[in-house]
Amino acid sequence: MRLKQVSPTAAISVVAGLTTATVGLTGTAAWADSAAALPLSHYAHLLVDTAHQHLFFSQGAGSTGIVVTDLAGNPVTTLTGEQGATGLALSPDGGTLYAALADGDAVAAIDTATLTESARYATGTGSGPVSVAVAGGKVWYGATVDGHGAVGSVDPSAAAPVATPQAVFSNWPSAPRQLATGGGVLAAGETSQYDTDVATFDVSSGTATAMTEIAVPPGTATGFRVTGDGRKVLIAATGDVALEAYRTADMRAASPSVYYTGGTPSGPNSLAIDTDGTIAVGSTTGSAPGLYLYAGSPSRENYIPFPSGTLAPDGLEWGGDGTTLYGVTQDSTGAYTLNVLASPKLTDTQLALSLSGYAVPTREFTLNGTFTTNGFVPAGAQLQVTRDGVRLPDATLGADGTFAVKDTRGDEGTNTYQVSYTGDATHRPATTSLKVGVTRLTTDVEFQAFSSATPHSVVLTGTLGSRDFGTFPQGTTLQVTRTNEDTQESVPLPSVPVDPATGAYTVTDAPDAAGWFTYRVAFAGDAAHQPSVNEPSAIVKPYTPTLTLKAPATATRAAALSLGGTLGDAPYTAGETVTVSRADAAHTTTPVTWTAPVGTDGKITVKDTPSVGGANTYTVSYPGDAAHQAATGSATVQVSRAATAVSVTSNDSTYSYGATATVTAHLGTTYNSRTVSIYATPAGGKKTLVKTAAVDSKGNLRATYKLTHNTTFTASFAGDYRHAPATATRAVHDRVNIAEKLGSYYTSTKYGPVTYRVYHHTVKPQVVGTVTPDKSGQCMRFQAQEYYNKAWHTLTTSSCFSMTPDSVGVTHLSLTNAVNQKFRVRTEYVASAKDTTNVSTWGGWLYLTVRN
């Protein structure tokens, strides 16, 4: 990319605008605009003196002269007597060229106007200076002092200038071959070992103030520069993966820290920084060796591949015009060539076009374009557009590198569109073209479904689709024809509209007949759309009508009632009838039947006078006709019946466990049924039938039932033709069975008819009670009595004992002053509020006496 010569402030803003993402372009700039052979036996350093139109080439140790050419590389002269000239530097005013004489142990000052040596500053025997730089009003050089690398300086403005060492590095085995300055900072690089030892100094005042010194891996630096602001030192080393950037203050990684040049490792060997900050880096290895340019970011601005030959180490230098870059290459024979790149900053551009959607007659279509460059995008630039050579309005380039070309064609055909960019001060021209076929869009009359297919209503839906999924003009219609496949009769139907937004359409028809029908749905096409057609078919079957009845929920026996019915899918032919049947308690297998008329609107009226009470079920049956299938509906009416009395009694209210209860049911007056059923529902159990039979002449029915739980007895009359069902209940209670025994006695005796267990006075009699059915965890109490004064007296009644899992309760009697006394004890099951199966029950008495 080319940068105009502008003020430093403006240059900074332009460089900032060049920041881009890394983009690979198919086109690249030529390596050099001109090339010239150089009369060099060796190459060390290149210096550009744009003011005097000269290039200076040093040849390093062993040489005796500095070669001078014009800016095109044509020989001008050779400055002889400059023993081992290596490093070169130009004074700020451009009037003096300084050369480090490695074989002359001095720094030479050469007048750039006369090309003659004007002064020589001795640096000491054996110092062998190899590098030189100018900053802070002094000339700085890199030399050897006492076998160690050192940095010295000369003040050329002094009355008697003397070269004086400023810093000696004991760990540097040789002179620093690299010196670079910028922004009042001097950086020195010693490169004799695998790493490059770097030291930085603040020399803005003319005095070297050390900033840092450190070894930077890897490899020998052959490109070494300090940025114009003095904040960074950039190092190119052939053994490194990329150009590295460090902060001069502490030699830590700068931001950005690397500039990649080609593959890995890329082996950068040359480096130059222009006054506007543009970095040129030469790469000799990797997958893409060549010249890389950077402007303000680590993303390359431009890439120029090498011709035959290899870029010489430290072989790049910018001219003072802000555009020209000079490079020295060496071919396989060892010959050196000067390559002059007049506009390496001029960035390649590339245009591309693509059609968005489809190009359709009478519709505006868009060609989307992209402007690709490694530099900044010239937003707002005008791009020239032609169609088949005819100029169209220019397209405007957007900030994101995109543009659009809009056009409308009236007819079908192929057109060639060309977009051109004429280039500018920083971009090369570019052109692209695209052939666009303008054609009507294909369409498709899509059939989705027959949502209805009956004699009175055929409805089919679908969409008219287009390849671009676009819209259709308002008023677009489809032509519809119905064909009866049985008779081959075709009937044109009214055209149907197409929804312009969705393409949806709906065809409605009423063929009034069953059969097989094909509907031809056709789109005739328009200026932008091709025609299309679809022919869906449907089988139209006879109606399957629904017959619904509305009947009263209840009615009075022997009174007239009316039911209303409706057959769906009207109309119906006049004179059609339905069959009505009534099933009731007296006509369960042979219902009463008659007919009722059907109105043309499908309405039906059924009239009847029911003679039998209870559920009367009316069924209405339609036999069907040519357009309707058969249908049936039914309804049930509860016809009133008289009430009758039913009662139930038992021979007791509470029974012992396992006792048999006698239950008597009584039935009052009825019409044609005298049957009663007796049921038993034990607590916690299921209702079971005990007996079903006709009552006797007194209206009674008896049954017996063995009880183990509280039980509810139910007497039920099912009803007859004229009397409604009736029930009655009787609840009885049932005791538990308690088995009791005394333990730990040693004999038995009798007092009268009663047997007593006999205990020693030291024994605590054991009383055990067992309850059936199982009442585990529930309450059992014990009661003890003593006989005296010719009567039994209660001594104690215990609190609840929780029965064991096998429904057992156990206690012991403590007898005090009991010798020769009579006692008795019994147990009680105490029913809890949760026990609904049995009631509380006392067990029998157990008798005992006590002896010494």
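Here the structure is shown first, and the text comes after it.
Residues numbered from 1 in each chain as written. Predicted model: local features only at pLDDT ≥ 70, side-chain atom pairs only at ≥ 80, totals over all residues. Heavy atoms only, no water.

Engineer: When you look at the overall build of the protein chain in this model, what are you seeing that I'm missing?
Structural biologist: Counting its secondary structure elements, the protein chain contains one helix and 70 strands. For 852 residues, the compact-globule formula gives about 29 Å, and the C-alpha radius of gyration of the protein chain, at 60 Å, lies well above that figure. Along the three orthogonal principal directions, the C-alpha set of the protein chain runs to about 160 × 115 × 45 Å. Burial status across the protein chain gives 46% buried among its 852 residues. Counting only contacts in the protein chain whose residues sit at least 6 apart along the sequence, the fraction spanning at least 24 positions is 56%. In the form shown here, the protein chain has an accessible surface area of approximately 38000 Å², with 51% of it arising from carbon and sulfur atoms. (Helix = DSSP H or I, 4+ residues; strand = E, 2+ residues; numbered from the N terminus. Rg over C-alpha atoms; globule rule 2.2 N^0.38 Å. Buried < 20%, exposed > 50% of the residue type's maximum accessible area, 1.4 Å probe, protein only. Contact = heavy atoms within 4.5 Å. Areas by Shrake-Rupley, 256 points an atom, 1.4 Å probe, with all protein chains shown as cover.)

Engineer: For this particular structure, what's the right way to read the pattern of salt bridges?
Structural biologist: When their charged atoms lie close together, side chains carrying opposite charge are able to pair. In total, this model carries 15 salt bridges according to the counting rule given. In this structure, the salt-bridge partner of aspartate 276 is lysine 345, at a minimum N-O distance of 2.7 Å. Taken as a pair, aspartate 276 in the loop between strand S22 (268–273) and strand S23 (279–283) and lysine 345 in the loop between strand S28 (336–341) and strand S29 (349–356) lie far apart in primary sequence, 69 residues in all. As far as burial versus exposure is concerned, aspartate 276 and lysine 345 are alike and both buried. Among the ionic contacts, a cluster of salt bridges with common partners joins Glu82, Glu117 and Arg120. (Salt bridge = Lys/Arg side-chain N within 4 Å of Asp/Glu carboxyl O.)

Engineer: Whenever I open this one, the state of the cysteines confuses me. Can you help?
Structural biologist: Two cysteines, two sulfur atoms, one covalent bond between them: this is a disulfide. With the rule as written, the count across this model stands at one disulfide. A disulfide bridge connects cysteine 779 with cysteine 800, and the sulfur atoms are separated by 1.9 Å. A torsion of -85 degrees about the S-S bond marks the disulfide between cysteine 779 and cysteine 800 as left-handed. Note that cysteine 779 is positioned in strand S64 (residues 779–788) and cysteine 800 in the loop between strand S65 (791–797) and strand S66 (801–802), a separation of 21 residues in sequence. (Disulfide = S-S within 2.5 Å.)

Engineer: Hey, could you run me through the side chain of threonine 222 in this one?
Structural biologist: Within the secondary structure layout, threonine 222 lies in strand S18 (residues 221–226). For threonine 222, a relative accessible area of 16% corresponds to the buried category. A polar atom in the side chain of threonine 222 sits 2.6 Å from the backbone oxygen of asparagine 269. Once residues within four sequence positions are removed from consideration, threonine 222 is found in contact with Gln178, Ala236, Thr238, Asn269, Ser270, Pro313 and Asp314. (Polar contact = N/O pair within 3.5 Å; in protein donor to acceptor, adjacent residues only side chain to side chain.)

Engineer: It is not clear to me how the sheet that holds strand S5 (residues 75–80) should be interpreted in this structure. Could you clarify?
Structural biologist: In spatial order, the strands read S2-S3-S4-S5; together these four strands make up an open sheet with antiparallel pairing. The sheet terminates laterally at strand S2 (45–49) and S5, the two strands that pair on one side only. Strand-to-strand twist across the sheet, computed as the mean angle between neighbouring axes with direction ignored, equals 20 degrees. Sheet topology places S2 next to strand S3 (residues 54–58); five bridges connect them, and they run antiparallel. By the bridge assignment, valine 48 is partnered in S3 with leucine 55. (Pairing = 2+ DSSP bridges. Axes fitted to C-alpha atoms, helices over the stretch in contact; angles between N-to-C directions.)

Engineer: Honestly, the packing of aromatic side chains in this entry has me stumped. Any pointers?
Structural biologist: The geometry of two aromatic rings is summed up by the distance between their centres and the angle between their planes. According to the stated counting rule, one finds 19 aromatic pairs in the structure shown. An angle of 85 degrees between the planes, with centres 5.2 Å apart, marks the rings of phenylalanine 371 and tyrosine 421 as edge-to-face. Remark: tyrosine 421 occurs in strand S34 (residues 413–421) and phenylalanine 371 occurs in strand S30 (residues 364–373); sequence separation between them is 50 residues. Centre to centre, the rings of phenylalanine 472 and phenylalanine 523 are 5.9 Å apart; their planes meet at 80 degrees, and the pair counts as edge-to-face. Taken together, the residues phenylalanine 472 in the loop between strand S37 (457–466) and strand S38 (477–484) and phenylalanine 523 in strand S41 (residues 515–523) connect sequence positions 51 residues apart. Assessed through its relative accessible area of 5%, phenylalanine 523 is described here as buried. Site record: aromatic cluster; members linked through ring pairs are Tyr751, Tyr756, Tyr787, Trp792 and Tyr847. In this arrangement the basic side chain of lysine 345 is found over the ring face of tryptophan 318, its NZ or CZ atom lying 4.7 Å from the centre. (Phe/Tyr/Trp six-rings, centres within 6.5 Å; stacked < 30°, edge-to-face > 60°. Lys NZ or Arg CZ within 6 Å of the ring centre and 35° of its normal.)

Engineer: Could you clarify how one ought to interpret the environment of threonine 248 in this entry?
Structural biologist: Here threonine 248 shows up in the loop between strand S20 (243–247) and strand S21 (253–259). Separated by 36 residues in the primary sequence, threonine 248 and threonine 212 have C-alpha atoms spaced 7.7 Å apart.

Engineer: So what exactly am I meant to see when it comes to unusual backbone geometry here?
Structural biologist: Trans is the common state for peptide bonds, and a negative phi is the common state for residues other than glycine. Note the cis peptide between serine 255 and proline 256, where omega equals 0 degrees. Among the structural elements, proline 256 can be located in strand S21. In this chain, alanine 570 is followed by proline 571 through a cis amide linkage whose omega measures 10 degrees. On the secondary structure map, proline 571 appears in the loop between strand S46 (561–567) and strand S47 (577–583). For aspartate 314, which is not glycine, the phi torsion reads 55 degrees and is therefore positive. Here aspartate 314 is to be found in strand S26 (residues 310–318).

None of the figures reported here should be taken as evidence of function without further support.
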